[in-house]
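Here is what each chain is made of, one letter per residue.
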Amino acid sequence: MLSPHDAELMRRWQAGEDRAFETLVRRWQQPMARFLHRLTGRAALVPDLCQEVFLRVYQAGGSYRESGNFAGWLYRIALNVARDGSRRRQLTFLADDAEPEWTGETADATCVRRELADVVARAVAELPEPMRVVLTLRHDEGLSFEDIARLISAPASTVKSRFAAALSRLRQRLGRLGLGPEEMTA
Amino acid sequence: MNCNDVQNLLPEYVGGGLPEPERQQAGQHLAICSHCREEHDSLRHVCDLLAGTPAPEVRVDVPAVYRMAAQRARRRLRWWRRVAIAAAAAALLLFSSIVAGLHIRFERHQLVVQWGEPPETPSVQPVVVHASSEKSTAALEEKLRDLNDLLLGLAADLEARDFRQQEELGRLRSEFSRLRSETIRQLVAAERAEDALLDRLLNEKGTKP
């Protein structure tokens, strides 16, 4: 049986079915966590930010009008939550100090993996926010350039330029940190 | 496609947003151009590194979402209630000032509500008393005596004015009393004259054949 589409879930929730809202939450909580983590670079803040996203979804649910782009609406809310959060806290990037999951690899390998993940996350967090948003939505969330353009109210050409600039900057930054393809394969 | 065209399209190619015809053409160029292929590989490497940074696992607390939403709704309601009360108070004040002719103003850190014309107050010149360690005690005492005389003079003036007003009031009462008595006397005289006239008329009718 196919899972109900997001639009169908919203329609059922607006009709009073709370379980539909809970299904939407379960479906989108991890993509939201990924998106917020990429935007803020602060894993410790992600649970609270996620909670705030779905609180705003709940509050705004009554005024939602289906236009075939539930994901865009949701990402817009998440973007505003991330921006409000960074304005309040004046976020600066800190290394993720959460306990790592045991994946069966050696301690050395885990450390290397974590360090690499930290370095990359730091490099992303250093990007200007408009580039970070486009990079995350395209690379991590798989939104098309046209969808991203609608979400951030910018032309598609601007979105593509920001994406290209983000990749280029990341490549330069990671190269300076010794994480270029030549260094990694050496 | 030449190298310049392909390199402009590489971010979209790597990011997966290129339309199929252009994707195929770029792929064909990359197969034969090592320089562009190197460029492609370095961007691909960045994307691979990005994919290696996992996000924290999150489980949203849905009951907490419901609770927070209810709290915020209650807070909003309280705020609107306060706004409504303030607006009603302001409207009432405005209505009162228009209908009842109230004048409301802030004056010297106090709220003044006035209706009608204020009573005339005698203008009193403020007496400035300078206390200085350099002035002699005698000069200070003289100032105080002057002040005392001024106050006594004002009191006498008020008393005299009050006495004159009382006298005038008495005179007016007497005049009123006199006029009332005169009015009553004239009324009685008029009634008697009317009675006499009626008697005469009746008598004249009686004696006529």
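These notes cover the structure that comes with them. None of the values given here were measured: they were computed from a predicted structure.

Some remarks on helix H3 (residues 34–51) of chain B
Logical step 1: End to end, H3(B) covers 25 Å across 18 residues, agreeing with the expected 26 Å (1.5 Å per residue, within 8%).
Logical step 2: Within the sequence span of H3(B), burial applies to Cys36(B), His40(B), Ser42(B), Leu43(B), His45(B), Val46(B), Cys47(B), Leu49(B) and Leu50(B).

Some remarks on the interface of chain B and chain A
Logical step 1: With 32 residues of chain B at the interface, the matching set in chain A holds 42 residues.
Logical step 2: Roughly 3,300 Å² is buried in total at the junction of chain B and chain A, and carbon and sulfur atoms are behind 66% of that figure.
Logical step 3: The tally of links from chain B across to chain A stands at three salt bridges.
Logical step 4: Summed over the shared surface of chain B and chain A, the result is 14 residue pairs in polar contact (both at pLDDT 80 or more).
Logical step 5: Secondary-structure elements contributing two or more residues to the side of chain B that touches chain A are helix H1 (3–15), H3 and helix H4 (62–99) of chain B.

Let's talk about the environment of Arg105(B)
Logical step 1: With respect to the element layout, Arg105(B) can be found in strand E1 (residues 103–107).
Logical step 2: In this structure Arg105(B) touches Gln110(B), Leu111(B), Val112(B) and Gln114(B), once residues within four positions along its chain are discounted.

Focus on the packing of helix H6 (residues 129–140) of chain A against helix H8 (residues 156–176) of chain A
Residues and elements named next belong to chain A.
Logical step 1: At their nearest, the axes of H6 and H8 sit 8 Å apart, and the two run at 95 degrees to each other. Taken together, the axes of H6 and H8 are roughly perpendicular relative to one another. Between H6 and H8, the contacting residues are Pro130, Met131, Val134, Leu135 and Arg138 on the first element and Val159, Arg162, Phe163, Ala165, Ala166, Leu167, Arg169 and Leu170 on the second.
Logical step 2: In terms of residue class, the contact of H6 with H8 is made up of 10 nonpolar, no polar and three charged.

A short note on the packing of aromatic side chains
Residue and element names in this part refer to chain A.
Logical step 1: If you walk through the whole model with that rule in mind, you get 13 aromatic pairs over all chains.
Logical step 2: Look at Phe145 and Phe163: their rings are 5.5 Å apart centre to centre, the planes differ by 70 degrees, and that puts the pair in the edge-to-face class. Of the two residues, Phe145 is situated in helix H7 (residues 145–152) and Phe163 in helix H8; the sequence distance between them amounts to 18 residues. Here Phe145 matches Phe163 in class, with each residue buried.
Logical step 3: Through pairs of rings, three or more aromatic residues link up here, namely Trp28, Phe35, Tyr64, Phe70, Trp73 and Tyr75.
Logical step 4: The side chain of Arg138 reaches across the aromatic face of Phe145, ending 5.4 Å from its centre.

As for the side chain of Asp140(A)
Logical step 1: One can find Asp140(A) in helix H6.
Logical step 2: Leaving out residues up to four positions away in the same chain, Asp140(A) has contacts with Arg34(A), Arg38(A) and Leu135(A).

Comments concerning the packing of H1(B) against helix H2 (residues 20–32) of chain B
Residue and element names in this part refer to chain B.
Logical step 1: Axis separation between H1 and H2 bottoms out at 10 Å; the angle between their running directions is 120 degrees. Two packed elements cross with a definite hand, and for H1 against H2 that hand is left-handed. Contact residues: Cys3, Val6, Leu9, Leu10 and Tyr13 in H1; Glu22, Arg23, Ala26, Gly27, His29 and Leu30 in H2.
Logical step 2: In terms of residue class, the contact of H1 with H2 is built from seven nonpolar, two polar and two charged.

Thoughts on unusual backbone geometry
Logical step 1: A positive phi angle, near 55 degrees, is found at Ser153(A), a position not held by glycine.
Logical step 2: Following the sequence through the fold, Ser153(A) ends up in the loop between H7 and H8.

Reading the values: rules and limits
- Here, residues in each chain are numbered from 1, in the same order as that chain's written sequence.
- Here the convention is simple: chains get letters from A, ligands get numbers from 1, in the order in which they are written.
- Two thresholds apply to this predicted model, a pLDDT of at least 70 for residue-level local features and 80 or more for giving and counting side-chain atom pairs, whereas whole-chain, interface and lining totals are computed over all residues.
- The side-chain numbers reported here are obtained from all heavy atoms of the structure, hydrogens and water having been left aside.
- Helix and strand assignments follow DSSP, with helices taken as H or I runs no shorter than four residues and strands as E runs no shorter than two, numbered in order from the N terminus.
- To estimate how far a helix should reach, multiply one less than its number of residues by 1.5 Å.
- Remark: exposure states derive from per-residue accessible area (1.4 Å probe, protein chains only) relative to the maximum for the residue type, with buried under 20%, exposed over 50%, and partly exposed in between.
- Contacts between residues were defined by any pair of non-hydrogen atoms, one from each residue, lying within 4.5 Å.
- Throughout, buried area stands for the accessible area (probe radius 1.4 Å) lost by two parts on being put together, summed over both.
- Counted as salt bridges are all cases of a side-chain nitrogen of Lys or Arg within 4 Å of a carboxyl oxygen of Asp or Glu.
- In protein, a polar contact requires one atom able to donate a hydrogen and another able to accept it; more generally it is a pair of N or O atoms within 3.5 Å, and residues adjacent in sequence count only if both atoms are side-chain atoms.
- Only the stretch in contact is used when fitting a helix axis, every axis being a line fitted to C-alpha atoms; angles between N-to-C directions are given from 0 to 180 degrees.
- Orientation labels follow simple angle bins: below 35 degrees gives roughly parallel, above 145 gives roughly antiparallel, 65 to 115 gives roughly perpendicular, and whatever is left gives oblique.
- Classes in brief: Ala, Val, Leu, Ile, Met, Phe, Trp, Tyr, Cys and Pro nonpolar; Asp, Glu, Lys and Arg charged; the others, Gly included, polar.
- Think of it this way: a Phe, Tyr or Trp ring, Trp meaning its six-membered ring, pairs with another when their centres are within 6.5 Å, and the plane angle makes it stacked under 30 degrees, edge-to-face over 60, tilted otherwise.
- Throughout this description, the term charge over a ring refers to an Arg CZ or Lys NZ atom that lies within 6 Å of the ring centre and within 35 degrees of the ring normal.
- Working rule for handedness: look at the near helix, and if it is turned counterclockwise from the far one by less than a right angle, call the crossing left-handed; if clockwise, right-handed.

Functional significance is not addressed by these values, which are geometric in nature.
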